[in-house]
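Each chain is listed here by its residues.
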Amino acid sequence: MESDQPAPANTRRIAIDPVTRVEGHGKITLLIDDDNHIVEARFHIVEFRGFEKFIQGRPFWEVPFFVQRLCGICPVSHQLAAAKAVDQIVGVNQLTPTATKLRRLLHFGQMLQSHALHFFHLSSPDFLFGFGSDPTKRNIAGVLEQYPEIALKGVKLRKYGQRIIEAITGKRIHGTGTVPGGMNKPFTLPERDALLADIDDILQWSQDAVALNEQIHTAHADHRDFGTLHSHYLSMIGSNGELEFYHGNLRAQSVSGDNLFAPFDYCDYQQIISEEVRSWSYLKFPYFSALGTEHGWYRVGPLARINNCAFISTPLAEAARQRFKAYGHGNLVHDTLAYHWARMIELLHCAESIQSLLHDRDITGTDLLAKKGEYQPQGIGVIEAPRGTLFHHYHVNDEGLVTRANLIVSTTSNNQAMNESVRTVANQYLDGQEITEALLNHLEVAVRAYDPCLSCATHALGKMPLQVTLQRIDGHVVHQLTKNTEGTIQSSPDDH
Amino acid sequence: MTAGNDTIRIDNQEIPFTAGQTIMDAALAAGVYIPHLCHHPGLPPSGNCRLCMVEIGNRSVAACIAAATAGQQIRNDTPELNAARKAITQMLFVEGNHICPSCEKTGNCKLQAMAYHLGMLDDHFPQFYPHRELDASHPDILLDRSRCILCDLCVRASRDVDKKNVFAIAGRGTQAHLIVNTPTGKLVDSPMAKTDLAANICPVGAILIKEKGYEVPIGQRIYDRQTIRDIGLYEQAEEKNKE
């Protein structure tokens, strides 16, 4: 736990490296003085990808399959966001009913499997065994041993979502499916019937998952304040204000529940959102431009979506949302750990929506391609990925090659919030205490609530000079290493 | 066990041949597969890829350019030769930028199918990561030199079948690269059309018809359904049917 990195005088630095049971590689560092008081707590993203750079010069029709390799958990979200951008590039504004419904079904399958993974596989051990429980048991294998019924439901829920993905894209991970203006193959009756045969179980298990999370969150008073932040929220909503994952306007609510802006077309996102680069993380920090870097940060993901939507279009999930709202006395729910509860409400919405789509006659239609229109020099695709709002923006030249790409992934939007939550939990639980593994896991619990996908979040290449600063508490810089954009490293004061 | 006056013997199987036939043509016609990437029935052989190396006595010869001669005793499907073929395939991979996970040719790519056929599980050799020019100037055709394996099938197809002579190989050794025979060096200034054989014969993802990628679903692509052996024998049979 003690980090090799030097700490200022009279302090010691503790690193959780890597943070476990999240996707990708991140670390948390704490700077602690002699009395165990927290001087500083940060969540760092230390892995590096570079997709925005190496997609440049590639043909636009390749993009959805190139960028889906950002992630092995939510590749479908990246494929669909990029596919929506590509639709715009080839001048298609409206897909055929079958293609739209196939993409929606695919996306519901993706949300279902990812949400199941993140609660059951990655997070449930914290809640079933306790944040400070024996770390050798605090994992999915431990859950399988002690709570086999819960663990197996989680595994089977995930499997069902993956079966949907496989039926539509040909593979459970990194398949194909989307093409400019539509889809590449119809959904067959045998595929539909095989999925319908199991949907009743999926619906029941999803309701059980909501009930479990509702019980966990309401039964533990200390969960309410655990890393809780009073933040703004951003998410997509449907045309009537309903919960929407695939296509709609974006809504931003302030901490007090007021609309920060009128719901806006996501193609105008650059007028609303800016991104800040900080020296100590590969992850950028987005914020609402009008509110500035200090006050403009916001949260995305299940908590934002359930807070932002006026209703849910499926009855069981809507009833669950009503209970969630009642818990918050009709106000926004800011509890960070309520992310899991909101996530399971969405899981239930996915199950209900999948059932509805499987019964829809259009879903097995064969009219898959819309006619291409006038080609456009850029395309913007926005979608609600499991972890939150996902932006893909591509510029292409006359030859069809990408000249510029901008991706704002969900975890990037939650970057500031994750840091704030880590800081809050550090101050709540660790300040003045002798640091133990059990206490450090509390910090990881806060990070896991956001369901971070670190691997897809660091995608810019060549834009981020890196600076490592060793600073005393009084602000005096002891040592600084700087890497400029050419890759040259400078040390000050000089090592020699 | 000697071959007759009008037969050769490959791995102890007696195979008939006609005068002027190569070992490759005789073998494929008899249903004996010799791995190959730059051979294509109906086009003159070039002996570029070296995957079809077979052994006759102490000599190694490329089956696609060696004439069948009465009484030849040929070793083809042996562990040693297949190991050498796998190494050659690995070299072809590392000399270009073959990123199968996102390549639109995946599932329809002969290089990828050959790797599967030979049991290639990794690249083995260090990657070259070459910087090669991509030419998207043609409205219908994309030329991605990163994936070119210098088989020169497009050169021969354009010169001998399409009669347009659009392509050539320039440079030597690791500097060898595919060029376009136009004053600008750009495909848009060539007479090439997307219906040309040269536009459709590339075994890898170097020459592609634009905006067609990923249209064939996983499970229905060529090598989802058939092996490269099946396709090699099929292409030879198709050519014979044309005759």
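Residues numbered from 1 in each chain as written. Chains lettered and ligands numbered in written order. Predicted model: local features only at pLDDT ≥ 70, side-chain atom pairs only at ≥ 80, totals over all residues. Heavy atoms only, no water.

(A) The sheet that holds strand β6 (residues 134-135) of chain B, seen in detail. Judged by pairing direction, the sheet is antiparallel, and its three strands sit side by side in the order β6-β7-β10 (chain B) without closing on themselves. The open sheet has two edge strands, β6 and β10 (207-209) of chain B, and neither has a second partner. (Pairing = 2+ DSSP bridges. Helix = DSSP H or I, 4+ residues; strand = E, 2+ residues; numbered from the N terminus.)

(B) Inspection of helix α3 (residues 110-117) of chain B at higher detail. Residues and elements named next belong to chain B. Within α3, six of the eight residues are buried, which leaves it mostly tucked inside the rest of the structure. Buried residues of α3: Lys110, Leu111, Gln112, Ala113, Met114 and Ala115, and no others. Its buried side turned inward, α3 meets α2 (79-95), α5 (222-225) and α6 (228-242). Positive phi shows up at glycine 119, right after α3, with a value of about 70°. (Buried < 20%, exposed > 50% of the residue type's maximum accessible area, 1.4 Å probe, protein only. Contact = heavy atoms within 4.5 Å.)

(C) Seen up close, the sheet that holds strand β3 (residues 53-56) of chain B. All names here are of chain B. Strand order in the open sheet formed by five strands is β2-β1-β5-β3-β4, with mixed pairing between adjacent strands. At either end of the open sheet lies a strand with only one pairing partner, and these are β2 (13-16) and β4 (59-62). The average angle at which neighbouring strand axes cross in this sheet is 35°, direction not considered. Pairing between β3 and β4: four bridges, direction antiparallel. Counted as the bridge partner of methionine 53 is alanine 62 from β4. Seen against the sheet, α2 touches β3 and β5 (73-75) and runs at an angle of roughly 150° to β3. (Axes fitted to C-alpha atoms, helices over the stretch in contact; angles between N-to-C directions.)

(D) Spotlight on the nonpolar core. One finds A:Leu30, A:Tyr394 and A:Leu443 to be the most contacted residues of the largest nonpolar core, which totals 129 residues. If you tally residues by element for this core, the top one is helix α4 (residues 97-129) of chain A, at 14 residues. When sequence neighbours within four positions are dropped, the list of residues in contact with A:Leu30 reads A:Arg12, A:Arg13, A:Ile14, A:Glu40, A:Ala41, A:Ala426, A:Leu430, A:Leu440 and A:Leu443. B:Ala63, B:Ala113, B:Val180 and B:Leu233 belong to the second-largest nonpolar core, a separate cluster that totals 64 residues. (Core = buried A, V, L, I, M, F, W, Y, C linked by side-chain atoms within 4.5 Å.)

(E) View of the confidence of the model for chain A. All names here are of chain A. Summing up the model confidence of chain A, the mean pLDDT is 87 and the portion of residues at 70 or higher is 86%. Contacts for the low-pLDDT stretch residues 455-470, under 50 throughout, to residues beyond four places or in other chains number 69 contacts. Every residue in residues 481-487 is under pLDDT 50, and counting partners more than four places away or in other chains gives 19 contacts. (pLDDT = per-residue confidence, 0-100.)

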